[in-house]
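Summary of structural features
Below are the chains, spelled out letter by letter.
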Amino acid sequence: MTTIPPLDLTQQYATIEAEVGTAVLDVLASGRYINGPQVEEFVQAFKAYVGSPECVACNSGTDALYLALRALEIGPGDEVITSPFTFIATAETISAVGATPVFVDIDPNTFNLDLDQIETAITERTKALMPVHLFGCPVDMTRLMAVAVAHRLPVIEDCAQATGATWQGQRVGSMGDFGCFSFFPSKNLGGCGDGGALTVRLPELAEAARIVREHGSRVKYYHESVGINSRLDTVQAAILQIKLRYLDRWNQGRTTVAERYHQLLAPIDEVICPSAPAGSTHVWNQYTLRLHQATGEERDRVRAALQAQGILTMVYYPLPLHHQPVYAELGYGPGSFPQAEQASQQVLSLPMFPELTPEQQERVVYGLKAAILAG
Ligand SMILES: *Cc1c(COP(=O)(O)O)cnc(C)c1O
């Protein structure tokens with residue numbers, strides 16, 4: 001019995017091995033390991049891809065979020081509204097600048113922020129909205145931007161899981177003030193190590209992010225603020241430049257895999273499949289379904305039964321952020337965000353990568369059906 005992994009990066013690499021190998025060896029031979037020409041070439045290509053006037057490369061998606069917050073001069077006493085159902089980095093960067101994350105519950109269908117609840121969370125301390133395009137599913141940016149404009153709030157899009165996704169034909173990261181991208185290997189556009197970028201609408205905010213990124217300096221060795229060091233390595237930029245050219249094809253491959261899952265799963269009443277909202281292109285960083293009658297223990301039992309058959313799944317995310325020990329001090333008790341809490345008990349992310357075969361998908365779904373029936 002072969003194992004079906006949640007993600008397999010080796011097959012994709014095999015298809016571009018020669019190209020990537022040459023590009024990496026060129027960087028190694030050039031000696032320009034920091035800020036080599038490939039970094040600027042990638043920045044130009046990436047901002048054209050996203051459709052944003054500015055792009056700042058950095059070391060990770062986490063740094064991209066942090067730099068956006070710093071560029072807006074958000075700090076102690078300020079609040080930023082975000083989702084409790086996301087990777088920790090989203091809220092963590094808000095805390096890292098000294099501000100307070102204010103959570104709003106999610107929409108059970110998309111797992112993204114519930115746009116009906118944002119306005120009630122806005123106070124005079126609110127300084128930004130930070131929506132997350134979770135699992136590759138775009139937030140309804142028409143409605144989100146309407147709220148942002150009405151309250152004059154900047155928008156920082158967490159695009160880490162959604163590179164290439166679109167809302168009404170526009171790519172995520174081009175509609176808010178900032179788009180924050182991760183090139184962590186498992187993301188839709190992933191490097192061979194860490195990497196990140198922010199797309200920025202206003203040149204002055206891009207410049208502010210660049211200053212923080214470079215130790216708070218505009219002119220080398222003169223420092224006007226406390227910054228950090230965050231760069232995209234030349235080697236990573238060279239690899240990402242190549243991979244960007246394949247991204248749409250790979251996202252299309254993920255879509256094909258998702259559509260096959262939808263069909264195979266349709267007869268299983270215990271499962272609610274994820275779907276792309278009208279007017280959007282979902283890029284399926286994860287195929288996250290919901291076992292809508294299950295408790296957390298039942299979901300975990302199904303997951304373990306799949307694992308026993310060699311089918312490896314993931315739970316993103318088992319504990320919503322408002323119940324993480326790090327945020328206990330914020331005082332959100334049980335029931336604060338019922339949808340996020342229920343999602344964390346019921347979600348299951350199936351194996352998802354463009355090279356997954358129909359036979360493997362059938363094995364996943366039959367295995368899932370058997371695991372559910374065994375309960
Ligand atoms: C991966 C991820 C990040 C952080 O990106 P890194 O490159 O790992 O720092 C931020 N937000 C979300 C939603 C992510 O999935």
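Cut-offs and rules
Throughout, residues of each chain are indexed from 1 in the direction in which the sequence is written. Residue-level local features of this predicted model are given only where pLDDT is at least 70; pairs of side-chain atoms are given and counted only at 80 or more, and the full residue set underlies all totals for whole chains, interfaces and linings. Side-chain numbers come from the whole structure's heavy atoms, not from hydrogens or water. In this text, helices come from DSSP runs of H or I with a minimum length of four residues, and strands from runs of E with a minimum of two, each type numbered from the N-terminal end. To get the radius of gyration, use the C-alpha atoms; to get the globule rule, take the number of residues to the power 0.38 and multiply by 2.2 Å. For the accessible areas, the method is Shrake-Rupley and the probe is 1.4 Å, while residue cover comes only from the protein chains on display. Residues scored as positive are Lys and Arg, those scored as negative are Asp and Glu, and His as well as the terminal groups of each chain are ignored. Just so you know, the charge point we use is NZ for Lys, CZ for Arg, CG for Asp and CD for Glu. Pairing between two strands requires that DSSP report at least two bridges joining them. Note on contacts: a residue pair qualifies if any of its non-hydrogen atoms lie within 4.5 Å across the two residues. Under this scheme, a helix contributes an axis fitted over its contacting stretch, all axes are lines through C-alpha atoms, and angles between N-to-C directions fall in the 0 to 180 degree range. Domain segmentation is taken from an automatic or database assignment of domains. The buried area of a pairing is the accessible area, by a 1.4 Å probe, that goes missing from both parts when the two are put together, added over both. Every case where a carboxyl oxygen of Asp or Glu lies within 4 Å of a side-chain nitrogen of Lys or Arg is listed as a salt bridge. Polar contacts here mean pairs of N or O atoms no more than 3.5 Å apart (in protein, one a potential hydrogen donor and the other a potential acceptor; neighbouring residues in sequence count only if both atoms are side-chain atoms). Note on residue classes: Ala, Val, Leu, Ile, Met, Phe, Trp, Tyr, Cys and Pro are nonpolar, Asp, Glu, Lys and Arg are charged, and everything else, Gly too, is polar. Summary of the burial criterion: residues with accessible area below 20% of their type's maximum are buried, those above 50% are exposed, and those between are partly exposed, where the area comes from a 1.4 Å probe applied to protein chains only. Proximity is defined per residue: if any heavy atom of the residue lies within 4 Å of a molecule or strand, that residue is considered near it. Using protein atoms alone on a 1 Å grid, points that fit a 1.4 Å probe yet trap it form a cavity, whereas open point sets bounded by protein on both sides within 12 Å along at least five of seven lines form a pocket; residues with an atom within 4 Å of a point count as lining. A pocket or cavity is taken to hold a molecule when more than half of that molecule's atoms are within 2 Å of the pocket's grid points. Residues form patches when they are more than 30% accessible in relative terms and have no salt bridge. Like charges link within 9 Å. Nonpolar side chains (Val, Leu, Ile, Met, Phe, Trp, Tyr) link within 5 Å. Grid points are joined across faces, edges and corners, and a volume is the space filled by probe spheres set on the points.

**Notes on the overall build of the protein chain**
Across its full length, the protein chain carries 12 helices and 15 strands. Here the C-alpha radius of gyration of the protein chain, 21 Å, is about what a compact globule of 375 residues would show, namely 21 Å. C-alpha extents for the protein chain along the principal axes are approximately 65 × 55 × 35 Å. Split by element, the accessible area of the protein chain, about 15800 Å² in all, is 53% carbon and sulfur. Positive and negative side-chain charges of the protein chain, numbering 26 and 40 respectively, have mean locations separated by a distance of 4 Å.

**Some words on the sheet that holds strand 12 (residues 271-272)**
The strand order across the open sheet built from 3 strands is 12-14-15, with neighbouring strands paired in antiparallel fashion. Either end of the sheet is taken by a strand with one partner, and the two such strands are strand 12 and strand 15 (347-350). Of the pairings in the sheet, the one linking strand 12 to strand 14 (residues 287-291) comprises 2 bridges and is antiparallel in character. Within the sheet, the bridge partner assigned to isoleucine 272 lies in strand 14 and is arginine 290. Strand contacts of helix 9 (residues 247-265): strand 12, strand 14 and strand 15, with the helix running at about 20 degrees to strand 14, the strand carrying the most contacts. Along the sheet face, helix 10 (residues 296-308) touches strand 14 and strand 15 and points at about 20 degrees away from the line of strand 15.

**Thoughts on the sheet that holds strand 7 (residues 170-171)**
Taken in spatial order, the 3 strands line up as 7-6-13 in an open sheet, and their pairing is antiparallel. This sheet does not close on itself; its edge strands, each paired only once, are strand 7 and strand 13 (280-281). Pairing of strand 6 (residues 166-167) with strand 7, which is carried by 2 bridges, proceeds in the antiparallel orientation. Looking at the pairing, tryptophan 167 lines up with glutamine 170 of strand 7.

**Side note on the domain arrangement of the protein chain**
Under the domain assignment used here, the protein chain contains domain 1 (9-104 + 112-241) and domain 2 (248-373). Summed over both partners, the interface of domain 1 with domain 2 buries about 2700 Å², with 60% contributed by carbon and sulfur atoms. For the interface between domain 1 and domain 2, the tally reads 1 salt bridge. Note that aspartate 248 is salt-bridged to arginine 171, the shortest N-O span being 3.7 Å. Where domain 1 packs against domain 2, one counts 17 residue pairs in polar contact (both at pLDDT 80 or more). Of all elements in the fold, only helix 1 (10-30), helix 4 (88-96), strand 3 (100-103) and strand 6 reach the threshold of two or more residues within the side of domain 1 that touches domain 2. Residue composition of the side of domain 1 that touches domain 2, grouped by class: 18 nonpolar, 15 polar and 3 charged.

**Quick look at the environment of leucine 373**
Here leucine 373 is to be found in helix 12 (residues 358-373). Exposure remark for leucine 373: the relative accessible area of 65% places this residue in the exposed category.

**Some remarks on the environment of glycine 279**
Positionally, glycine 279 belongs in the loop between strand 12 and strand 13. Looking at glycine 279, the relative accessible area reads 41%, which means it is partly exposed. Remark: the alpha-carbon pair of glycine 279 and tryptophan 167, spanning 112 residues in sequence, is separated by 6.1 Å. What glycine 279 contacts, discounting residues up to four positions off in sequence, is Thr166, Trp167, Gln168 and Gly169.

**Thoughts on the site of the ligand**
Around the ligand, the surrounding shell holds 13 residues, and the nearest of these are Thr62, Asp158, Gln161, Ser182 and Lys187. Between the ligand and aspartate 158, the relevant distance is 2.8 Å, taken from a nitrogen atom to a side-chain nitrogen or oxygen of the residue. Within the contact set of the ligand, an oxygen atom lies 2.8 Å away from a side-chain nitrogen or oxygen of lysine 187. Relative to its unbound accessible area of 380 Å², the ligand is 92% covered by the protein chains. One can see that the ligand is located within the largest pocket. Tallied by class, the residues present in the shell around the ligand amount to 4 nonpolar, 7 polar and 2 charged.

**Some remarks on unusual backbone geometry**
In this chain, tyrosine 316 is followed by tyrosine 317 through a cis amide linkage whose omega measures 10 degrees. One can find tyrosine 317 in the loop between helix 10 and helix 11 (338-346). Look at glutamine 168: it is not a glycine, yet its phi comes out positive at around 50 degrees. A positive phi angle, close to 75 degrees, is found at tyrosine 221, a residue other than glycine. Structurally, tyrosine 221 can be placed in the loop between strand 10 (217-219) and strand 11 (222-223).

**Points about a nonpolar patch on the surface**
A contiguous nonpolar surface patch, about 410 Å² in accessible area, is contributed by Leu25, Leu28, Tyr33 and Ile34. You can see leucine 25 is positioned in helix 1. Exposure remark for leucine 25: the relative accessible area of 56% places this residue in the exposed category.

**Quick word on the layout of surface pockets**
Roughly 540 Å³ of volume is contained in the largest pocket. Of all elements in the fold, only helix 3 (61-71), helix 4 and strand 15 reach the threshold of two or more residues within the lining of the largest pocket. Its residues assigned to classes, the lining of the largest pocket comprises 16 nonpolar, 11 polar and 4 charged. The calculated volume of the second largest pocket comes to roughly 280 Å³. Along the wall of the second largest pocket there are 13 residues; nearest its centre are Glu214, His215, Ser217, Lys220 and Arg231. Among the elements that make up the lining of the second largest pocket, the one with the highest residue count is strand 10 (3 residues). Here the lining of the second largest pocket is built from residues that sort into 3 nonpolar, 5 polar and 5 charged.

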